[in-house]
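Secondary and tertiary structure notes
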Amino acid sequence: MGGASSGTGALGSSPVTGSTGSTGGSSSSGAQGGSSGASAGSSGDSSSSSSTAAGVLASVKPDELHKTIDKAAEAAQPIVERVVSSAHAGVDKLSGLLSGASTQFSDRSAQVTDTYQQLADSGREYVRNKPGTAVAIALGAGYILAKLLGGSSRRRDDY
């Protein structure tokens, strides 16, 4: 069962030979180191189909493939340019939005800092002018917070 067949590679530039031994394996070498091309099997039917495939591959010329690829690339160029243009517009819009948000955030941050400084200064001034009232307010606020947050966990049963 040692048949041999030969054909052409995927691009029609190098011959491909295959031989089958008694183990049914095949060996082929194609163009550009790939495994494409005509391979011979262990039965007679695959030999005839591989020679048909080799004939179809042989009819395709590299120049025609290059021209077809160039046409596809030229047809895709306007689409790619539109996608690139849309992407640039989207990035520019997003950049503008983020820049505006950053500016607003920094303005608000400065405003909050100024308000905090004003409240801290007025609180210090109030404590300096009326220390007794400030202590009474602090004690009252502490008592109310203790009751709201359950400040004393002691029960009368503990005594």
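Heads up: the structure comes first, above all this text.
The rules behind these values
- Residues numbered from 1 in each chain as written.
- Predicted model: local features only at pLDDT ≥ 70, side-chain atom pairs only at ≥ 80, totals over all residues.
- Heavy atoms only, no water.
- Helix = DSSP H or I, 4+ residues; strand = E, 2+ residues; numbered from the N terminus.
- Expected span 1.5 Å × (residues − 1).
- Axes fitted to C-alpha atoms, helices over the stretch in contact; angles between N-to-C directions.
- Parallel < 35°, antiparallel > 145°, perpendicular 65-115°, else oblique.
- Contact = heavy atoms within 4.5 Å.
- Salt bridge = Lys/Arg side-chain N within 4 Å of Asp/Glu carboxyl O.

What to know about helix α3 (residues 131-148)
Look at α3: 26 Å from first C-alpha to last across 18 residues, which is about the 26 Å you get at 1.5 Å a residue. Where α3 ends, the next residue or the one after it, G150, has phi of about 70 degrees, a positive value.

Focus: the packing of helix α2 (residues 62-129) against α3
Between α2 and α3, whose axes approach to 5 Å, the crossing angle comes to 115 degrees. Taken together, the axes of α2 and α3 lie roughly perpendicular to each other. Along the contact surface, α2 presents Y126, V127, R128 and N129, while α3 presents P131, T133, A134 and I137.

Topic: the pattern of salt bridges
Tallied over the entire structure, the rule returns 1 salt bridge. Where R124 meets D121, a salt bridge forms, and the shortest distance between an N and an O atom there is 3.1 Å. With a gap of 3 residues between them, R124 and D121 both fall in helix α2, about one helical turn apart.

Interpretation note: all reported values are geometric properties and have no functional meaning in isolation.
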